[in-house]
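Observations on the three-dimensional arrangement
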Amino acid sequence: MTTTAPAPAPTTTKRVLLAAPRGYCAGVDRAVVAVEKALDAYGAPVYVRKEIVHNKHVVDTLRDRGAIFVEETDEVPEGARLVFSAHGVSPAVRESAAARSLDTIDATCPLVTKVHKEAVRFAKDDYDILLIGHDGHEEVEGTAGEAPDHVQVVNSPDEVDKVVVRDPEKVVWISQTTLSVDETMETVRRLREKFPEMQDPPSDDICYATQNRQVAVKKLAPECDLVIVVGSANSSNSVRLVEVALQAGARTSYRVDRATEIDDAWFEGVTTVGVTSGASVPEILVDDVLRKLADHGYGEVQEVRTATEDLMFSLPRELRAGLKESGASDDRPRPQKRRELPIQPV
């Protein structure tokens, strides 16, 4: 006989369910530390193409230290030092930087670089490459720029009907690393219905951190009257977390850059608040949100952990070489350990 576990008893105690993993991923940590180390070793200014990561607080903090953020390489004085952001760049951008004799540091996330290499390899074999992602996002621009004659961007499942390829038997899909896992796989499903011979990339392109944060939110969302996602509006993975929370059963969900953006009206009738943060969000911003929640009576915090992350990427090769030449250390501590909280299943 099959039995069903009883549903959790409703609680009247105000509480916070804190997602784990959350916040900084290995690629973001590497990129931010690269700019910090460059400023320490070479002094200001250090130029950065686009935002090093999609987080307003991080960008403002680095700007205060002497980083200058630019949109394109032609805004950088010839011979100056330029950091490529974690989202990656196209070969055309690299060529433009070389033409201006810029001393570049490539802080592209290694997982994004993997997708770039996939695009190059499939283009060399003359495949039509269907890049699932969002037009205009820096990562998509960089990946598509590796093989512009072979890549077409598919923004959503609804665009599948418009996709046209040269040979249905030579099609492959790849994806932006920061998408909703569920929506991406729905797009893949529809593409495969249209192109049954479509190949998969050699490994899952959506990064481990994106997946882990979405899984954690799916775990806590059904218990939550409100889920607060800390992250900036241009952070794809942060925006996706709001969508995932709502789809997983949260009554309401909002994204905020910082605690001051939380509207007190959101708390009306709310007993359980879920909290998470995007992969480019420093933990200090989550701390501020938890303090604000405590001020509103949500003092009980339970961490809901679905995975433990200990991956750490080495600093960019050019930076390590420069630090070694100058006698500076390229050592860095692992990302700050998360607060010790009893992990209580929900």
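Not measured: the values here are computed from a predicted model. (Residues numbered from 1 in each chain as written. Predicted model: local features only at pLDDT ≥ 70, side-chain atom pairs only at ≥ 80, totals over all residues. Heavy atoms only, no water.)

1. Side note on the packing of aromatic side chains
Applying the stated criterion across every chain yields a total of three aromatic pairs. Relative to Tyr298, the ring of Phe267 lies with its centre 5.5 Å away and its plane at 40 degrees, an arrangement referred to as tilted. Placement of the pair is Phe267 in the loop between strand 10 (252-256) and strand 11 (272-277) and Tyr298 in the loop between helix 9 (283-295) and strand 12 (300-305), with a sequence separation of 31 residues. One exposure class covers both Phe267 and Tyr298, and it is buried. When the ring centre of Tyr42 is taken as origin, the NZ or CZ atom of Arg81, which lies over that ring, is 3.5 Å away. (Phe/Tyr/Trp six-rings, centres within 6.5 Å; stacked < 30°, edge-to-face > 60°. Helix = DSSP H or I, 4+ residues; strand = E, 2+ residues; numbered from the N terminus. Buried < 20%, exposed > 50% of the residue type's maximum accessible area, 1.4 Å probe, protein only. Lys NZ or Arg CZ within 6 Å of the ring centre and 35° of its normal.)

2. Quick look at empty space enclosed by the protein
Taken as a whole and assessed by the stated rule, the structure comprises two cavities of 30 Å³ or more. Counted as a void, the largest cavity has a volume near 250 Å³. In this structure, the largest cavity is lined by 21 residues; those nearest its centre are Val28, His87, Thr177, Thr178 and Asn237. Only helix 1 (26-42), helix 4 (110-124) and helix 8 (236-247) provide two or more residues apiece to the lining of the largest cavity. When the residues that make up the lining of the largest cavity are grouped by side-chain class, the tally is nine nonpolar, eleven polar and one charged. Lining the second largest cavity, in full, are Ile132, Gly133, His134, Asn155, Ser156, Leu179, Ser180, Glu183, Thr184, Thr187 and Arg240. In terms of residue count, the dominant contributor to the lining of the second largest cavity is helix 6 (residues 181-194) (three residues). Looking at the lining of the second largest cavity, its residues break down into two nonpolar, seven polar and two charged. (1 Å grid on protein atoms, 1.4 Å probe; cavity = no way out; pocket = protein on both sides within 12 Å on 5 of 7 lines; lining within 4 Å. Points joined across faces, edges and corners; volume = space filled by probe spheres on them. Nonpolar A, V, L, I, M, F, W, Y, C, P; charged D, E, K, R; others polar.)

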